[in-house]
Amino acid sequence: MTSNAPALGLRRGIDLSWPTFALLSLVLGVLVILPLFWLVYYSFRNDAGGGFTFDNFVALVADPTLLRAYGLAIGMSLGVGILACVVATPMAWLVSRTDLPGRRLIRIMVTASFVTPPFLGAIAYEIIAAPNSGIVNVIYRSIFGLERGAYLVNIYTFTGLVFAIACFTFPYVFTLVANALDRVPSDLEDASSILGGKAMTTLRKVTIPLVLPAMLAGTLIAILQALTMFGSPAILALPAGFHVITTKIWSLFQFPPRLGLAAAAALPLLIITVILLRTQKQILGRKGYTVLGGKSGTPRIVALGPWKWPAIAFVFAVLSLTFIFPYAAIIKTAFTTTVGDSLTFENLTLRHWNFVLFEFSATQLALRNTFLLGFLTATIVTAIAVIVSYLVTRRSVPGSGFLGVLATAPVAIPGIVLGVGLFLSYANPTFQLYGTLWILLIAFMTIEMPAGYQQMSSAFSGVHPELEEAGRIMGASRLRTLWDITAPLLRTSVVAAWCFVFVGTIRELSATILLTTANTKLVSVIIYDLNESGDLGAICVLGIILLAASFAVVFVANRVPVLGGSQMNARG
Amino acid sequence: MWTKTFGAAILAAGLSASSLAMAEAPAPYQITPELEAAAKAEGKVIFYTATDVTVAEKLAELFKSKYPEIAVQVERAGSERVFQRIGQEYSSGIYGADVIETSDAVHFQYFKREGWLEPMVPQEVADKWPADEKDPDGNFAAYRAHLSVLAYRSDLLPEADAPKTWTDLLDPKYKDRMVKAHPGYSGTVMTSTFVLSELLGWEFFEKLGGQGVMQVQSSTEPPKKLAQGERSLQVDGNEYNVFRLQEEGVPIKIVYPAEGTPLAVGNAAVLKQAPSPNAAKLFYAFLFSQEAQQLNSDFGGLRSFHPDVKEKANRTPIADIKLLHSDPAKLEPEIQTIKTNYEQYFGT
């Protein structure tokens, strides 16, 4: 190849990095900084009559109920993170790198428990593991002939809450680790073997260090998800008699609302998250983990041998708890009169379906709004996430790291607080967005941006910049390189990010609950309303509809070749 | 308060200029063909309500059977959340709701003070409602009443073991067996917590908090937890949901304690900025009609102030129950104290 000087003819168009950077800075800035500004503003504002004050922070430190809610939330999220990582990592390894039977099916089922909205999972676990009426406890008492009141498990406890959240959070860790394991090239491991490394040595010295960033990133996401989660604690912690910080902040909005205190109470969450993210960055920053050269061979498959049966038992146990039991409980409840009913032919009924589909006036509008917003949010967020993570990982523009910070920052804002921030930002005559779907779109874009960005940036860091540099050396513009070289390598991740954001959006509850009005109702909110009045049957029907839609989206995305389905399929 | 917290938004929306006091109630109105025609032209009415969703949808169905051209959109949530939504919407200039109903009487004092209600008096209310169950200025009237009752699963708790009074609940034998709704979400429970704290003192709740009580949100939920078999005794919760479950064959019995049973009155009103003012006016009159009130009683188990409504024979007539009334004017300044004390004793 003769390339002493870049051939002018190949440098098509101008480099769009700068204008793109400027535009994205503006968009992300408005999305993130505006609600944060209002949060800070309100935290220093006197609720009773305006004016500057430190009272909210004094109240925050002095109020034992707030401190307790913080302590419990932190303990809960650490518990969730550890549990999720401990369960997900070996599972990801088994599925990605061993000859475990049914690996493809297992992946699909794990995706299923990711698709499950956590609040629906929490409701399923009320049905399964409530101390008196929970199916598990009913069976337990009848087997051992125990007295009424005896129980094996109680979901209305702190550990119950950690368990119920972890069940539907571990797929974050699983997906990232499994994807990372898929990408570990066999040549590195082969090298280790050739040099005499035993299987465990190779695993310990080569494979694990290579997937450690994914483990940490996944665990961190699990922790942050749990910390900022509203639905599951609202459903399980309140009956157990405690608040976590999100439900506590929510309670501050009741009559008479104490917005200043709520804003002040939310700020430490922001700080905790920033610290966590910086820690993660430091851990990952020490070594270069980039491995994918775009040419890696099929990953090496470890033969499990006699370990096959324990491995199957482990995977089956996890899937039972996160997929089979909850779904069975939801389906059973959707078709029986009351939750406590045993499953007999006489108890079967379609009354909940009839109610939800034909009598309940909110259903249709909510379904339409939900799917419209899911589609729009997923598309916009994925597009922005791709560009931002490209700019950030390739550092093509000075200061582009700032974009990454902006795209990650909303993770630190509990949805409910973001809801208030957005409410204050946009419910004024200039914008008049409250009461429209636009404010929800803005909320969802902000909330889902970190998830999309995390997906895309870890995908980008797996693609070695040398490949792009080659393209640049050959004279192609940055966008051209992105399109011709990077994009094909990233297709699977883009599809995954889109699906992540879509299912994340259609189940969002915490910001939604403050931002919906009668005309912008969403399925998650009517589920929450129905939970408040104890209508579990109707909830399960709506849950099944929501799940069916989510699965359909994920299924289609995985099948359509142009979306990357062929790559996923090839991997088995 | 909403005015203060969202002061900027309100000022901007130009609501600060709204009038405060009404001179007197407007003349009663009847449903005329003109009103019906105007309502049909609007085609839709949005009803924010705290009544159990099944009951509210049944009522909407009855309305639609009379006026098929007018769709009814039912927006159901706990009273305190309905209130929160209206507060958010009105302070930011969003006018989604036509007719509103909650079971916390304080809310309607507040709405009236803010000038958010459109005074109007259906003929039926003017003729038949007791004077103290309607606003003298015609802003709202009592659409329904219900009690917050003690109740138990008769198959899980023998009648002899059931509590007879509020203080019986402090007996250790009921530990971990009770379910209770929350004053922060339910207007019914806010009202009942207030009257019971006045009657029995906060020591009662402090001791009750030590009994391992399951905490739920809306007052519609405890009866459903009884039906589910999750708990065998409800400390508070709607009488009307108990009636409905009894009729479905769930073995639940109500206790009207000797000290008295808290009464919650659910007011209804038309909002000044109703997007469909004529449909709102028609629907509002319909809410108080004998037909609608009878449906609420028969299907919903609600108590009615309509003198011609016949209650089902198996229900204890309200005249035979010792009632604990709550004064919204006295309750309003106590709300924060109630919530703080409650959290201290029950954890949430």
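The rules behind each value
Residues numbered from 1 in each chain as written. Chains lettered and ligands numbered in written order. Predicted model: local features only at pLDDT ≥ 70, side-chain atom pairs only at ≥ 80, totals over all residues. Heavy atoms only, no water. Helix = DSSP H or I, 4+ residues; strand = E, 2+ residues; numbered from the N terminus. Rg over C-alpha atoms; globule rule 2.2 N^0.38 Å. Buried < 20%, exposed > 50% of the residue type's maximum accessible area, 1.4 Å probe, protein only. Areas by Shrake-Rupley, 256 points an atom, 1.4 Å probe, with all protein chains shown as cover. Lys, Arg positive; Asp, Glu negative; His and termini not counted. Charge placed at Lys NZ, Arg CZ, Asp CG, Glu CD. Arc of directions from axis to C-beta. Contact = heavy atoms within 4.5 Å. Axes fitted to C-alpha atoms, helices over the stretch in contact; angles between N-to-C directions. Parallel < 35°, antiparallel > 145°, perpendicular 65-115°, else oblique. Nonpolar A, V, L, I, M, F, W, Y, C, P; charged D, E, K, R; others polar. 1 Å grid on protein atoms, 1.4 Å probe; cavity = no way out; pocket = protein on both sides within 12 Å on 5 of 7 lines; lining within 4 Å. Points joined across faces, edges and corners; volume = space filled by probe spheres on them. Buried area = accessible area lost by both parts, 1.4 Å probe. Salt bridge = Lys/Arg side-chain N within 4 Å of Asp/Glu carboxyl O. Phe/Tyr/Trp six-rings, centres within 6.5 Å; stacked < 30°, edge-to-face > 60°. Lys NZ or Arg CZ within 6 Å of the ring centre and 35° of its normal. Expected span 1.5 Å × (residues − 1). Polar contact = N/O pair within 3.5 Å; in protein donor to acceptor, adjacent residues only side chain to side chain. Core = buried A, V, L, I, M, F, W, Y, C linked by side-chain atoms within 4.5 Å. Pairing = 2+ DSSP bridges. Right-handed = clockwise from strand over helix to strand, strands pointing away.

Draft legend 1. Quick peek at the overall build of chain B. From N to C terminus, chain B includes 15 helices and 11 strands. In terms of overall size, chain B behaves like a compact globule, its C-alpha atoms giving a radius of gyration of 20 Å where 348 residues would be expected to give roughly 20 Å. Its C-alpha atoms give chain B principal-axis dimensions of roughly 60 × 45 × 30 Å. For chain B, the proportion of its 348 residues judged to be buried stands at 63%. As displayed, chain B has an accessible area near 11,600 Å², and 52% of this comes from carbon and sulfur atoms. Across chain B, the mean location of the 35 positive side-chain charges is 3 Å away from that of the 47 negative side-chain charges.

Draft legend 2. Layout of helix α9 (residues 186–194) of chain A. All names here are of chain A. By the burial criterion, the buried members of α9 are Ser186, Glu189 and Ser192. For α9, the angular spread of the buried residues around the axis is 125°, confining them to a single face. The inward-facing, buried residues of α9 abut α3 (64–97) and α10 (199–228). Just beyond α9, the residue with positive phi is glycine 196, at close to 100°.

Draft legend 3. Highlighting the packing of helix α1 (residues 17–43) of chain A against helix α18 (residues 415–426) of chain A. All names here are of chain A. At a minimum axis distance of 8 Å, the contact between α1 and α18 shows a crossing angle of 95°. Judged by the angle between their axes, α1 and α18 are roughly perpendicular. For the pair α1 and α18, contact is made by Val30, Leu34, Pro35, Trp38, Leu39 and Tyr42 and by Val417, Leu418, Gly421, Leu422, Leu424, Ser425 and Tyr426, respectively. Classifying every residue of the contact of α1 with α18 gives 11 nonpolar, two polar and no charged.

Draft legend 4. Molecular detail of the layout of surface pockets. All names here are of chain A. Here the second largest pocket defines a volume of roughly 600 Å³. Along the walls of the second largest pocket sit 21 residues, with Thr382, Val386, Trp483, Arg491 and Val494 positioned nearest its centre. When contributions to the lining of the second largest pocket are tallied by element, the ones reaching two or more residues are α16 (363–394), α19 (437–461), α21 (478–506) and α24 (536–559). The element that contributes the greatest number of residues to the lining of the second largest pocket is α21, accounting for 10 residues. Per-class residue counts for the lining of the second largest pocket are 19 nonpolar, one polar and one charged.

Draft legend 5. Geometry of the interface of chain A and chain B. Each side of the interface is counted separately: chain A has 64 residues, and chain B has 59 residues. Around 5,200 Å² of area is buried between chain A and chain B when both sides are counted, 50% of it from carbon and sulfur atoms. Remark: the boundary between chain A and chain B carries nine salt bridges. In this structure, lysine 248 of chain A engages glutamate 343 of chain B in a salt bridge whose closest nitrogen and oxygen atoms are separated by 2.5 Å.

Draft legend 6. Fine view of the side chain of arginine 244 of chain B. All names here are of chain B. Tracing the chain through its elements places arginine 244 in helix α11 (residues 239–247). Looking at arginine 244, the relative accessible area reads 12%, which means it is buried. The residues contacting arginine 244, other than those within four sequence positions of it, are Asp52, Thr54, Val55, Phe299 and Gly300.

Draft legend 7. Here's a closer look at empty space enclosed by the protein. Residue and element names in this part refer to chain A. One pass over the full model with this rule turns up 10 cavities of 30 Å³ or more. When its volume is computed, the largest cavity comes out at roughly 640 Å³. Tyr172, Gln225, Thr228, Ile447 and Glu448 are the residues nearest the centre of the largest cavity, which is lined by 34 residues in total. Of all elements in the fold, only α5 (118–129), α8 (170–183), α10, α11 (231–240), α18, α19 and α21 reach the threshold of two or more residues within the lining of the largest cavity. It is α19 that contributes the most residues to the lining of the largest cavity, six residues altogether. Within the lining of the largest cavity, the residues separate by chemical class into 21 nonpolar, 10 polar and three charged.

Draft legend 8. Spotlight on the packing of aromatic side chains. Applying the stated criterion across every chain yields a total of 44 aromatic pairs over all chains. Relative to tyrosine 41 of chain A, the ring of phenylalanine 37 of chain A lies with its centre 6.1 Å away and its plane at 25°, an arrangement referred to as stacked. Note that phenylalanine 37 of chain A and tyrosine 41 of chain A are positioned in helix α1 at a spacing of four residues, about one turn of the helix. What makes phenylalanine 37 of chain A partly exposed here is its relative accessible area of 46%. Feature note: the residues Phe83, Tyr90, Tyr95, Phe108, Tyr110, Phe111, Trp116 and Phe140 of chain B constitute an aromatic cluster, connected by ring pairs. The side chain of lysine 58 of chain B reaches across the aromatic face of phenylalanine 299 of chain B, ending 5.0 Å from its centre. Lying across the ring of tyrosine 29 of chain B, lysine 281 of chain B places its NZ or CZ 4.7 Å from the centre.

Draft legend 9. Local environment of helix α4 (residues 53–66) of chain B. Residues and elements named next belong to chain B. Its 14 residues place the ends of α4 20 Å apart at the C-alpha level, agreeing with the 20 Å of an ideal helix rising 1.5 Å per residue. Looking only at α4, the buried set comprises Val53, Val55, Ala56, Glu57, Leu59, Ala60, Leu62 and Phe63. For α4, the N-terminal capping position is held by aspartate 52, with its side-chain oxygen 3.1 Å away from the main-chain nitrogen of threonine 54.

Draft legend 10. Geometry of the nonpolar core. Residues Phe283, Tyr284 and Leu287 of chain B are the most contacted members of the largest nonpolar core, which totals 243 residues. The leading source of residues in this core is α3 of chain A, at 15 residues. Those residues in contact with tyrosine 284 of chain B, other than ones at most four positions away along the chain, are Tyr29, Val99, Met120, Pro122, Asn139, Phe140, Ala141, Ala268, Ala269 and Val270 of chain B. With 28 residues, the next largest nonpolar core counts Val195, Leu233, Val235 and Leu324 of chain B among its residues.

Draft legend 11. Seen up close, the pattern of salt bridges. Residue and element names in this part refer to chain B. This structure, assessed with the given rule, holds 28 salt bridges over all chains. One salt bridge in this structure joins aspartate 155 and arginine 153, with 2.8 Å as the shortest N-O distance. We classify arginine 153 as buried; its relative accessible area is 10%. In this structure, lysine 253 and glutamate 159 form a salt bridge, with 3.1 Å as the shortest nitrogen-oxygen distance.

Draft legend 12. Focus on the sheet that holds strand β9 (residues 252–255) of chain B. Residues and elements named next belong to chain B. What the five strands build is an open sheet, ordered β7-β6-β8-β5-β9; its pairing is mixed. Only two strands of the sheet have a single partner each, and these edge strands are β7 (214–215) and β9. In terms of strand pairing, strand β6 (residues 178–180) meets β7 through two bridges, oriented parallel. Its bridge partner lying in β7, valine 179 is registered against methionine 214. Along the sheet, helix α10 (residues 221–228) contacts β5 (150–153), β6, β7, β8 (233–234) and β9; its crossing angle with β5, the most-contacted strand, is approximately 15°.

Draft legend 13. Region of interest: the pairing of strand β1 (residues 44–49) of chain B. Residue and element names in this part refer to chain B. Across the six residues of β1, five count as buried, placing the element largely inside the fold. Of the strand pairs in this sheet, β1 and strand β2 (residues 71–76) are connected by six bridges, and their pairing is parallel. Looking at the pairing, phenylalanine 47 lines up with valine 74 of β2. Taken together, β1, α4 and β2 constitute a β-α-β crossover, and its handedness is right-handed.

It is worth stressing that arrangement in space is one thing and function is another; only the former is reported here.
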